[in-house]
Amino acid sequence: MKKIFIITGEYSGDIHASCVVKALRAKYADVEIEGIGGENLRACGVKLFSDQKKMGAMGISFKILVDHLLLGKRVVDYITKVYKPDLVLLVDYGAFNLNVSKFLKRAGIKTFYYIPPQVWASRKWRINTIKKNIDEVLCIFPFELKLYEDLGINTHYCGHPLVSQLPPKADRTEFFTKHGFDPSRKLVSIFPGSREFELKNLASVFVKSAKLLQSKHPELQFCISHAPNLSAEVYDKYFKNTDFKIIKGENQALLSVSDALILASGTVALEASLYQTPMIIAYRGPLLFYWIYLLVRCINMVCLPNIISGKFIVPEILEHNVTVEKISYNIEKLLYDKKAREEQIEELGGVKKLLSDKVSSEEAARVIAEELDLI
């Protein structure tokens, strides 16, 4: 029986990895899989070496660094000395996985990388580590294929997982009825991020922006999306003084039925673009992180729909520019300026056309199966 070890670091990676596992087991039952992940991989029958609770932390604190180093050493020792898989599949989570890849290479363990680090966006030097340590890259953006192949890196374009994984639009009337919204009024939804430090930096300005908009346009109603990986206690800490409804576990439905979105940057922007829901991106973090980002970035865009299309479709409000006035102005424009609204919706429609209609997880599973002679 062939053995695979999967390493994910965040909730989204756990979802994408679980889809690959399902695709593998649907056609190639003779495979044993262990890994680091969350509930999605566990539900697929993957034996977890560790869950993602320590992996999801971000920052440069001593504790976070020590936790990652200790986990990295433990997992490398287990993979190389105990489990000895036929293949390791790294999924996203570049800083941790690229470091682990060095030790896997030394041990002679074949390593594939699904959803590789976005070296085209920042820290382009990481591609040298990929070239040295990764046997095959399974990329998800069409422009990544040439980038890697030009450097002689074995690469397969799988298509973006969201294209096949994203559920269809929710029924607006049913959703509004279920959550007590008025279907005759516009809904603006706020997605403040999936990490506590993002809520710390964005929650207050997002809520103040919503309150200003509501004072100027009483017909507007607002909703806050509760990231599934964060506890109710964390959300209460930052949103306890607001009357806005908070909804957990229905992100895609909320994206699809909203009239406009206030988003922290991330994959959620690509999900929104596939639903063609008008949006703005507003993001700020610790000033030190922003200075570092300015030093290492390779492009002057942060929003995936903008990066994929190569133009500023979605307004990006960053760092010191994240103000109540700028957020509310841009949301007003998307709601009440018909031309601006229609233009963004049309441009978002073009983003999906630029992405492949491949079923990404099935494509990744097929390449892995071929490598392991399961086919």
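This text goes with the structure placed above it.
Here is a short report on the structure shown in this document.

### Thoughts on the overall build of the protein
Argument step 1. Helix and strand content of the protein: 17 helices and 13 strands.
Argument step 2. A compact globule built from 375 residues should have a C-alpha radius of gyration of about 21 Å, and the protein, at 21 Å, falls within 12% of that.
Argument step 3. Projected onto its principal axes, the C-alpha positions of the protein cover 65 × 45 × 40 Å.
Argument step 4. Across the 375 residues of the protein, 54% fall into the buried class.
Argument step 5. In the protein, 66% of the contacts between residues at least 6 apart in sequence involve partners at least 24 apart.
Argument step 6. Taken as a whole, the protein presents about 17,400 Å² of accessible surface, with 53% of it coming from carbon and sulfur.
Argument step 7. Across the protein, the centroid of the 50 positively charged side chains sits 5 Å from that of the 43 negatively charged ones.

### Looking at the sheet that holds strand S9 (residues 221-226)
Strand-to-strand pairing in sheets goes through backbone hydrogen bonds, with the strands running parallel or antiparallel.
Argument step 1. In space, the six strands of this open sheet follow the order S10-S9-S8-S11-S12-S13, with parallel pairing throughout. The open sheet has two free edges, formed respectively by strand S10 (245-248) and strand S13 (316-318), since each of these has just one partner strand. For this sheet, the mean angle separating the axes of adjacent strands, direction not counted, is 20°.
Argument step 2. Bridge analysis of strand S8 (residues 187-191) against S9 gives four bridges, and the strand direction is parallel.

### Here we look at unusual backbone geometry
Argument step 1. Phi is positive for Tyr93, which is not a glycine, with a value near 50°.
Argument step 2. In this fold, Tyr93 is placed in the loop between strand S4 (87-91) and helix H4 (94-106).
Argument step 3. Phi is positive for Glu319, which is not a glycine, with a value near 50°.
Argument step 4. Along the polypeptide, Glu319 turns up in the loop between S13 and helix H15 (324-336).

### Observations concerning the nonpolar core
Argument step 1. Among the nonpolar cores identified, the biggest contains 93 residues, and Leu89, Tyr114, Leu263 and Ile368 are the most heavily contacted of them.
Argument step 2. Apart from the residues lying within four places of it in its own chain, the contact partners of Leu263 are Phe191, Phe206, Leu255, Val268, Ala269, Ala272, Met279, Ile280, Ile281 and Ala282.
Argument step 3. Among the nonpolar cores identified, the runner-up in size contains 34 residues, and Val205, Val207, Ile224 and Ile280 belong to it.

### Focus: the sheet that holds strand S2 (residues 31-37)
Argument step 1. Spatially, S3-S2-S1-S4-S5-S6-S7 is the arrangement adopted by the seven strands of the open sheet, whose pairing is parallel. What marks the edges here is a single partner per strand, and that holds for strand S3 (47-51) and strand S7 (155-157). Going across the sheet, the axis of each strand differs from the next one's by a mean of 20°, ignoring polarity.
Argument step 2. Pairing analysis gives four bridges linking S2 to S3, with the strands arranged parallel. Note that in S3 the partner of Glu34 across the bridge is Lys47.
Argument step 3. Contacting strand S1 (2-7), S2, S4 and strand S5 (111-114), helix H1 (residues 11-27) crosses the sheet at an angle of about 175° to S2.

### Overview of the pattern of salt bridges
Two side chains of opposite charge can pair, provided their charged atoms sit close to one another.
Argument step 1. Enumeration over the complete set of coordinates arrives at 15 salt bridges.
Argument step 2. Across the salt bridge formed by Lys81 and Asp77, the nearest N and O atoms sit 3.8 Å from each other. Taken as a pair, Lys81 and Asp77 lie in helix H3 (residues 62-83) at a separation of four residues, close to a single helical turn.
Argument step 3. Given the relative accessible area of 24%, Asp77 is considered partly exposed.
Argument step 4. A salt bridge links Glu332 to Lys216; the nearest nitrogen and oxygen atoms lie 3.2 Å apart. Taken together, the residues Glu332 in helix H15 and Lys216 in helix H9 (residues 196-216) connect sequence positions 116 residues apart.
Argument step 5. Owing to a relative accessible area of 17%, Glu332 belongs among the buried residues under this scheme.
Argument step 6. According to the relative accessible area criterion, Lys216 is partly exposed, its value standing at 46%.

### Digging into the packing of H9 against helix H10 (residues 232-239)
Argument step 1. Running from N to C, H9 and H10 cross one another at 35°; their axes reach a closest spacing of 9 Å. The handedness of the crossing between H9 and H10 comes out as right-handed. Taking contact as the criterion, the partners of Glu196, Leu199, Lys200, Ala203 and Val207 in H9 are, on H10, Val234, Tyr235, Lys237, Tyr238 and Phe239.
Argument step 2. Looking at the contact of H9 with H10 residue by residue, the class counts come to seven nonpolar, no polar and three charged.

### What about the pairing of S8?
Argument step 1. Here S8 lies mainly inside the structure; five of its five residues are buried.
Argument step 2. Side chains of S8 alternate between two faces, with Leu187, Ser189 and Phe191 and Val188 and Ile190 buried alike.
Argument step 3. Both S8 and strand S11 (residues 260-263) contribute to a ladder of four bridges, which runs parallel. Note that in S11 the partner of Ile190 across the bridge is Ile262.

### Structural notes on helix H16 (residues 338-354)
Argument step 1. Here H16 is 17 residues long and its end C-alpha atoms lie 25 Å apart, about the 24 Å a rise of 1.5 Å per residue gives.
Argument step 2. Those residues of H16 that fall on the buried side of the exposure criterion are Ala340, Arg341, Gln344, Leu348, Gly349 and Val351.
Argument step 3. Structurally, H16 contributes buried residues whose contacts are with helix H12 (267-275), strand S12 (279-283), helix H14 (304-309) and H15.
Argument step 4. With a side-chain oxygen positioned 3.2 Å from the backbone nitrogen of Lys339, the residue opening H16 is Asp337.

### As for the packing of aromatic side chains
Argument step 1. For the coordinates displayed, the defined rule picks out twelve aromatic pairs.
Argument step 2. Each residue in the set Phe5, Phe49, Tyr78 and Tyr83 is aromatic and connected to the rest through ring pairs, giving one cluster.
Argument step 3. Of note, Lys3 hangs over the ring of Tyr83, and the distance from its end group to the ring centre comes to 4.6 Å.
Argument step 4. When the ring centre of Phe181 is taken as origin, the NZ or CZ atom of Lys245, which lies over that ring, is 5.9 Å away.

Cut-off values and rules
As a convention, each chain's residues are numbered from 1 in the sequence order in which they are written. A pLDDT threshold of at least 70 governs which residues receive local features in this predicted model, and a stricter bar of 80 or more applies before side-chain atom pairs are shown or counted, although totals over entire chains, interfaces and linings include all residues. Think of the side-chain values as coming from all heavy atoms in the structure, minus any hydrogens and water. Where helices and strands are cited, they refer to DSSP runs of H or I of at least four residues and of E of at least two residues respectively, numbered from the N terminus. Every radius of gyration here is taken over C-alpha atoms, with the globule rule written as 2.2 Å times N^0.38, N being the number of residues. Here the term buried applies to any residue with accessible area under 20% of the maximum for its type, exposed to any over 50%, and partly exposed to those in between, with areas from a 1.4 Å probe on protein chains only. Whether two residues are in contact is decided by their heavy atoms: any pair within 4.5 Å suffices. Note on areas: Shrake-Rupley, 1.4 Å probe, and residue coverage restricted to the protein chains presented here. When charges are counted, Lys and Arg contribute as positive and Asp and Glu as negative, whereas His and the chain ends are disregarded. Each charge is placed at NZ for Lys, CZ for Arg, CG for Asp and CD for Glu. For two strands to be treated as a pair, DSSP must find at least two bridges joining them. In this analysis an axis means a line fitted to C-alpha atoms, helices contributing only their contacting stretch, and an angle means the value between N-to-C directions, from 0 to 180 degrees. In this text, buried Ala, Val, Leu, Ile, Met, Phe, Trp, Tyr and Cys residues form a nonpolar core when linked through side-chain atoms within 4.5 Å. Should a side-chain nitrogen of Lys or Arg be within 4 Å of a carboxyl oxygen of Asp or Glu, the pair is scored as a salt bridge. A clockwise turn of the near helix away from the far one marks a right-handed crossing, whereas an anticlockwise turn of less than a right angle marks a left-handed crossing. Gly counts as polar in this scheme, as do all residues outside two lists: the nonpolar Ala, Val, Leu, Ile, Met, Phe, Trp, Tyr, Cys and Pro, and the charged Asp, Glu, Lys and Arg. Take the number of residues in a helix, subtract one, and multiply by 1.5 Å to get its expected span. Distance and chemistry together define a polar contact, namely a pair of N or O atoms within 3.5 Å, with one atom able to donate a hydrogen and the other to accept it when in protein, and with adjacent residues in sequence counting only for side-chain atoms on both sides. Note on aromatic contacts: the rings of Phe and Tyr and the six-membered ring of Trp form a pair at centre separations within 6.5 Å, being stacked when their planes are under 30 degrees apart, edge-to-face when over 60 apart, and tilted otherwise. Only when the NZ atom of a Lys or the CZ atom of an Arg is both within 6 Å of the ring centre and within 35 degrees of the ring normal do we say a charge sits over the ring.

Without other data, these values stay purely geometric and don't point to any function.
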